[in-house]
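Each chain is listed here by its residues.
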Amino acid sequence: MTAYRKISLAMLAVFVVVYLLGAALYIGQSQHDVQRELTGVSGLAKSLGDPQGLPANVVENMRHIKPMAGKADDNGHVPSWFSSMVSGQVSFPSVNGWSIDPADEVEEIWEGFLLVSFSYAVGMVLCFMALYGMVRQGLRPLVSLAGALEAVAGGELTSRLPRQSIRELDTLADRFNAMASALEKEQKTVSHLLNELLQLQDRERSHIARVLHDDLGQYLTGIRAQARSWVYDPELNERQKQQAKVLAGHCETVQQHFRHLLQDLHPLVMEQLGLDSAIRHLAEQWQQLSGLDCRLDMDTQLPQLTGEQQTHLYRFLQEALNNISRHASARCAILAVAEHSDGLRIDIRDDGAGAESFPAKAGLGIRSMRERARCLGGKVQFSSKVGEGTRICLAVPLSESITAPGGAV
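The rules behind each value
Residues numbered from 1 in each chain as written. Predicted model: local features only at pLDDT ≥ 70, side-chain atom pairs only at ≥ 80, totals over all residues. Heavy atoms only, no water. Helix = DSSP H or I, 4+ residues; strand = E, 2+ residues; numbered from the N terminus. Contact = heavy atoms within 4.5 Å. Areas by Shrake-Rupley, 256 points an atom, 1.4 Å probe, with all protein chains shown as cover. Core = buried A, V, L, I, M, F, W, Y, C linked by side-chain atoms within 4.5 Å. Buried < 20%, exposed > 50% of the residue type's maximum accessible area, 1.4 Å probe, protein only. Phe/Tyr/Trp six-rings, centres within 6.5 Å; stacked < 30°, edge-to-face > 60°. pLDDT = per-residue confidence, 0-100. Pairing = 2+ DSSP bridges. Axes fitted to C-alpha atoms, helices over the stretch in contact; angles between N-to-C directions. Parallel < 35°, antiparallel > 145°, perpendicular 65-115°, else oblique. Left-handed = near helix turned anticlockwise from the far one by under 90°. Nonpolar A, V, L, I, M, F, W, Y, C, P; charged D, E, K, R; others polar. Salt bridge = Lys/Arg side-chain N within 4 Å of Asp/Glu carboxyl O. Disulfide = S-S within 2.5 Å.

### As for the overall build of the chain
Within the chain one finds 10 helices and 7 strands. Taking as baseline every contact in the chain between residues at least 6 positions apart, the subset at least 24 positions apart corresponds to 70%. By element, 56% of the accessible surface of the chain is carried by carbon and sulfur atoms, the whole surface being about 25200 Å².

### Observations concerning the nonpolar core
By size, the foremost hydrophobic cluster in this structure holds 36 residues, and its most contacted members are Ile346 and Ile348. A total of 8 residues in this core trace back to one element, the largest contributor, which is helix α9 (residues 307-328). Those residues in contact with isoleucine 348 that lie beyond four places of it in its chain are Phe316, Leu317, Ala320, Ile324, Ile334, Leu335, Thr390, Arg391 and Ile392. Core analysis: the next-biggest nonpolar cluster, separate from the first, contains 11 residues, Val34, Val86, Ile109 and Phe113 among them.

### So, the packing of aromatic side chains
This model, assessed by the stated rule, comprises 9 aromatic pairs. Taking the centre distance of 5.9 Å and the plane angle of 80° together, the rings of phenylalanine 15 and tyrosine 120 count as edge-to-face. Separated by 105 residues along the polypeptide, phenylalanine 15 in helix α1 (residues 3-48) and tyrosine 120 in helix α4 (residues 103-153) bring together distant segments of the chain. The exposure class of tyrosine 120 is partly exposed, given its relative accessible area of 24%.

### A few points about the confidence of the model for the chain
Summary statistics for the chain give a mean pLDDT of 79 and a share of 83% for residues scoring 70 or more. The low-confidence segment residues 400-409, where pLDDT is below 50, has 19 contacts with residues more than four positions distant or belonging to other chains.

### Description of the pairing of strand β5 (residues 343-350)
Of all the 8 residues making up β5, 6 are buried; the element is thus mostly covered by neighbouring parts of the structure. Judged from the 8 bridges that link them, strand β4 (residues 332-340) and β5 form a sheet pairing that is antiparallel. Counted as the bridge partner of isoleucine 334 is arginine 349 from β5. The hairpin turn running from β4 into β5, its antiparallel successor, is 2 residues long. One ladder, built from 6 bridges, connects β5 with strand β7 (residues 389-396); its direction is antiparallel. Bridging from a neighbouring strand, leucine 344 pairs with valine 396 of β7.

### Points about the packing of α9 against helix α10 (residues 364-375)
As a packed pair, α9 and α10 sit with axes 9 Å apart at the nearest point and diverge in direction by 155°. In terms of orientation, α9 and α10 fall into the roughly antiparallel class. Regarding α9 and α10, the two cross each other, and that crossing is left-handed. Contact residues: α9 offers Thr311, His312, Arg315, Phe316, Glu319, Ala320 and Asn323, while α10 offers Gly365, Ile366, Ser368, Met369, Arg372, Ala373 and Cys375.

### Concerning the packing of helix α8 (residues 275-290) against α9
In the contact formed by α8 and α9, the axes pass within 11 Å of each other and the chain directions differ by 15°. As judged from the angle between their axes, α8 and α9 are roughly parallel. Once α8 is placed against α9, the crossing between them reads as right-handed. Within the contact between the two elements, α8 uses Leu275, Ala278, Ile279, Leu282, Trp286 and Ser290 and α9 uses Gln310, Leu313, Tyr314, Leu317, Gln318, Leu321, Asn322, Ile324 and Ser325. Here the contact of α8 with α9 is composed, by residue class, of 10 nonpolar, 5 polar and no charged.

### Observations concerning the pattern of salt bridges
Per the stated rule, a full pass over the model turns up 11 salt bridges. Between aspartate 174 and arginine 163 there is a salt bridge, with the nearest N and O atoms lying 3.5 Å from each other. Taken together, the residues aspartate 174 in helix α5 (residues 167-231) and arginine 163 in the loop between α4 and α5 connect sequence positions 11 residues apart. A relative accessible area of 34% means that aspartate 174 is categorised as partly exposed. A salt bridge links arginine 374 to glutamate 371; its shortest N-O distance comes to 2.7 Å. Residue arginine 374 and its partner glutamate 371 are located together in helix α10, separated by 3 residues, close to a single helical turn. Assessed through its relative accessible area of 37%, arginine 374 is described here as partly exposed.

### Describing the state of the cysteines
Under the definition given, this model contains 0 disulfides. The closest cysteine sulfur to the non-disulfide-bonded cysteine 294 is located on cysteine 332, 7.6 Å from its own sulfur.

### Description of the environment of valine 231
Relative to the assigned elements, valine 231 resides in helix α5. Sequence spacing of valine 231 and lysine 245 is 14 residues, and the spatial spacing of their C-alpha atoms is 6.0 Å. Contact partners of valine 231, with chain neighbours within four places excluded, come to Lys241, Ala244 and Lys245.

### Side note on the environment of alanine 283
Note on placement: alanine 283 falls in helix α8. The buried category is assigned to alanine 283, whose relative accessible area is 5%. Note: C-alpha distance between alanine 283 and leucine 335 (52 residues apart in sequence) is 8.4 Å. With sequence-adjacent residues up to four places away left out, alanine 283 is seen in contact with Cys294 and Leu296.

Encoded structure:
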């Protein structure tokens, strides 16, 4: 229930109670007035004598007393319940041929009651109109505050409230603006630290990959070559040659896993052939390792990005595909990368089980994807339904300097 409705119901109850009390007091006073008026009229009837001896015009203009032989006044427009409440307990005997009739007095009281009730109703309507205006005016800053809080909850920490004309609301707006400023500053600090952490992680991965490739990879290649040479050594018997052949096979298997590990740590193909080739190699490798179908739809030539942007985008796609193979229970993944007028669009879909709570229960991988999207200056959206799979959309705006291939980076 809205605040205005609650206040209106409370005020309506107060108005009804006040009206009923006022009506009770009015009717009580009316009963007293009727009693007093009819008492005075009863004395007048005694002093006038028999109405037969008075002029006709005088008899017709008499109030509250009528000749007993005359026709009683018709008081049909006054409700019977009101008439009984006002004069039902008042009873006077006839005096000198006159009957005491309170109809005129009751009619006046009824007209006054209607006038007072109408004035009260008009005043009540005006009060409710004024209340509506004041409540609406008073709630407007709260509506603005609610909108600003919703914006902050959605990540728009730049939302601020304007100055308010009411001191208490202005204090509240100042507190909110201070809170939003602190959150914005904290978010920038956290985002900067996360960006530094991701860059440090990528540098460490690159360093480890190079060390493994240059040192351990060379040793492994040498061992394999030595084992291969033993296979053709005439001084060795067949059993030793078979052992050398098995050792060479193990070395080849280790080298295959070693290449996959190096590719996960640092995509050398991206440095050598560019981002588009690295994405194609990523899709082929993921399809080979996961055993799932990967349909790639990508422009023939992507816009040039900085080295840091390429790394963030590659890691974003890598994490998305890894999540599909680990959690989606899918059979197929569709990866679309295309350039639009407003920037680069990446769309990743699977035909897996989906989840209603996704990404409410997101883990570290989803958080890293969001942070990499933020580092790219883009926006990522996750959507998932049970039985319909999961879809991830990333929109990356591109500056004029990098929209065309070969442009300045």
